[in-house]
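Each chain, written out:
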Amino acid sequence: MLDECNIVNEGLKVKLYPDKVMVDKFNRSLGNVRFVWNNLLTEYQKTFELFKQHGYTKLKCNQTTFNTMLTMLKKEYSFLYESESSTLQQVYRDLIRSFNGFFKKNSNYPKFKSKKNPKNGFRIQNNNNIKITSSIIVLPVLGEVHYRTSPQYKQLLKESKINNVTIKKEHNHYYAVFNIETEKQPMKKTGEAVGIDLGIRTLATLSNGLKIANLDVSHEEKMIKKYQKKLSKQEYQSNRYKKTLKKYWNWLDNKKNKIKDYYHKITTEIVKKYDIII
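Conventions and cut-offs
- Residues numbered from 1 in each chain as written.
- Predicted model: local features only at pLDDT ≥ 70, side-chain atom pairs only at ≥ 80, totals over all residues.
- Heavy atoms only, no water.
- Core = buried A, V, L, I, M, F, W, Y, C linked by side-chain atoms within 4.5 Å.
- Buried < 20%, exposed > 50% of the residue type's maximum accessible area, 1.4 Å probe, protein only.
- Helix = DSSP H or I, 4+ residues; strand = E, 2+ residues; numbered from the N terminus.
- Contact = heavy atoms within 4.5 Å.
- Expected span 1.5 Å × (residues − 1).
- Polar contact = N/O pair within 3.5 Å; in protein donor to acceptor, adjacent residues only side chain to side chain.
- Axes fitted to C-alpha atoms, helices over the stretch in contact; angles between N-to-C directions.
- Parallel < 35°, antiparallel > 145°, perpendicular 65-115°, else oblique.
- Left-handed = near helix turned anticlockwise from the far one by under 90°.
- Nonpolar A, V, L, I, M, F, W, Y, C, P; charged D, E, K, R; others polar.
- Pairing = 2+ DSSP bridges.
- Patch = residues over 30% accessible without salt bridge, like charges linked within 9 Å, V, L, I, M, F, W, Y side chains within 5 Å.
- Areas by Shrake-Rupley, 256 points an atom, 1.4 Å probe, with all protein chains shown as cover.
- Salt bridge = Lys/Arg side-chain N within 4 Å of Asp/Glu carboxyl O.
- Lys, Arg positive; Asp, Glu negative; His and termini not counted.
- Charge placed at Lys NZ, Arg CZ, Asp CG, Glu CD.
- Phe/Tyr/Trp six-rings, centres within 6.5 Å; stacked < 30°, edge-to-face > 60°.
- Lys NZ or Arg CZ within 6 Å of the ring centre and 35° of its normal.

### Structural notes on the nonpolar core
The tendency in soluble globular proteins is for nonpolar side chains to be buried side by side. In this structure, Val14, Leu16, Phe26, Phe66, Ile137, Leu139 and Phe178 are the most contacted members of the largest nonpolar core, which totals 43 residues. Counting residues per element, this core draws most heavily on helix 1 (residues 20–53), at 10 residues. Discounting residues that sit within four places of it in the chain, isoleucine 137 has contacts with Val14, Leu16, Ile130, Lys131, Ile132, Gly143, Glu144, Val145, Tyr147, Ala176 and Phe178.

### Observations regarding helix 1
With 34 residues, helix 1 extends 50 Å between its outermost C-alpha atoms, agreeing within 8% with the 50 Å of an ideal straight helix rising 1.5 Å per residue. Looking at where helix 1 begins, the residue whose side-chain oxygen comes 3.3 Å from the main-chain nitrogen of valine 21 is aspartate 19.

### Quick look at the environment of isoleucine 162
Mapped onto the elements, isoleucine 162 comes out in strand 6 (residues 161–170). Taking the C-alpha atoms as reference, isoleucine 162 lies 9.5 Å from asparagine 9; in sequence the two are 153 residues apart. Setting aside residues up to four positions removed in sequence, isoleucine 162 forms contacts with Asn126, Ile132, Leu157, Phe178, Asn179 and Ile180.

### Topic: the packing of helix 5 (residues 218–233) against helix 6 (residues 239–273)
It is the contact of helix 5 with helix 6, at a shortest axis distance of 9 Å, that shows an interaxial angle of 160°. Of the possible angle classes, the one that applies to helix 5 and helix 6 is roughly antiparallel. With respect to the hand of their crossing, helix 5 and helix 6 are arranged in left-handed fashion. Of the residues in helix 6, those touching helix 5 at His219, Glu220, Glu221, Met223, Ile224, Tyr227, Gln228, Lys230 and Leu231 are Tyr241, Thr244, Leu245, Lys247, Tyr248, Trp251, Leu252, Asn254, Lys255 and Lys258. When its residues are assigned to classes, the contact of helix 5 with helix 6 shows 9 nonpolar, 4 polar and 6 charged.

### A closer look at the sheet that holds strand 10 (residues 204–206)
Spatially, 3 strands are ordered 9-10-11 in an open sheet, and the strand pairing comes out antiparallel. Each end of this open sheet is capped by a strand with a single partner; those strands are strand 9 (196–198) and strand 11 (211–212). As judged from the 3 bridges shared by strand 9 and strand 10, these two strands associate in the antiparallel manner. Directly across from aspartate 197, in strand 10, lies its bridge partner threonine 205.

### A closer look at a positive patch on the surface
Taken together, Lys222, Lys226, Lys230, Arg240, Lys243 and Lys247 make up a surface patch of like positive charges. Listed by contribution, the elements that provide at least two residues to the positive patch are helix 5 and helix 6. When you line up the elements, lysine 247 lands in helix 6. Overall, lysine 247 belongs to the partly exposed group, its relative accessible area being 42%.

### Looking at the packing of aromatic side chains
What the rule picks out here adds up to 13 aromatic pairs. Between the aromatic rings of tyrosine 262 and tyrosine 263, the centroid separation amounts to 6.3 Å while the plane-to-plane angle is 40°, which identifies the pairing as tilted. Looking at tyrosine 262, the relative accessible area reads 21%, which means it is partly exposed. Judged by its relative accessible area of 42%, tyrosine 263 falls in the partly exposed class. Counting every residue linked through ring pairs, the aromatic cluster contains Tyr44, Phe66, Phe99, Phe102, Phe103 and Tyr109. A cation over a ring is seen here: lysine 113 above tryptophan 37, with NZ or CZ 4.3 Å from the ring centre. Between the NZ or CZ atom of arginine 148 and the centre of the ring of tyrosine 17, over which it lies, the distance is 4.4 Å.

Nothing here speaks to function; it is geometry throughout.
Written out as structure tokens, the structure is:
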């Protein structure tokens, strides 16, 4: 039996290669999630306004109420059955979380979702109905989709418990982000402590005098500005515009991935070397 102390939740992201049929299914699920969110938010706002007229400034959100509203929506709009049930249930869970944050004054009032948002996603809970082979992911209701990732990630997916998977659309590319439970061996104790001061000229300065330089992404930023300028001069949604937009998105992704990789390597190295970080 695995030691519970060593079992951690981890996010594992792989790139998907859907065919045209699956792209259509993904986009319909993305649209259904957006549709349900906006409709539930609208219905809540109507009720909230009635409460405010009578002096109540809060309207408690609960799963029972939103689940009833979702059931009514599905009866009225049959296309919602094209999405996996847990996907739509996740919408009101996210909405409840947003409202709770708003009432606690930790976040702004929930906003309506727009189709123009370049990052959209939907989640599917794993009820023993998500299957994975070395090259294919089988999703409930949606079907099979090809994916690619490293051998290490494939092994992790094979050995780990999968709680859920989030299908994300980012800059016209599709990804699956798995929430998995995996065993991690604790790092060896070093008995060392360090203080870290984040800066502007340098990324960070450690109390032992070591300075960590900022990552140079000037080339990526230069290319991003270049394609931003080209986009501003091209006709919106023309063929040239779409080709330029794709290159612009690629450079945005290059910059993001480069920074993410740099931060991951630095933080991993610091955590390995020091037991106490201040």
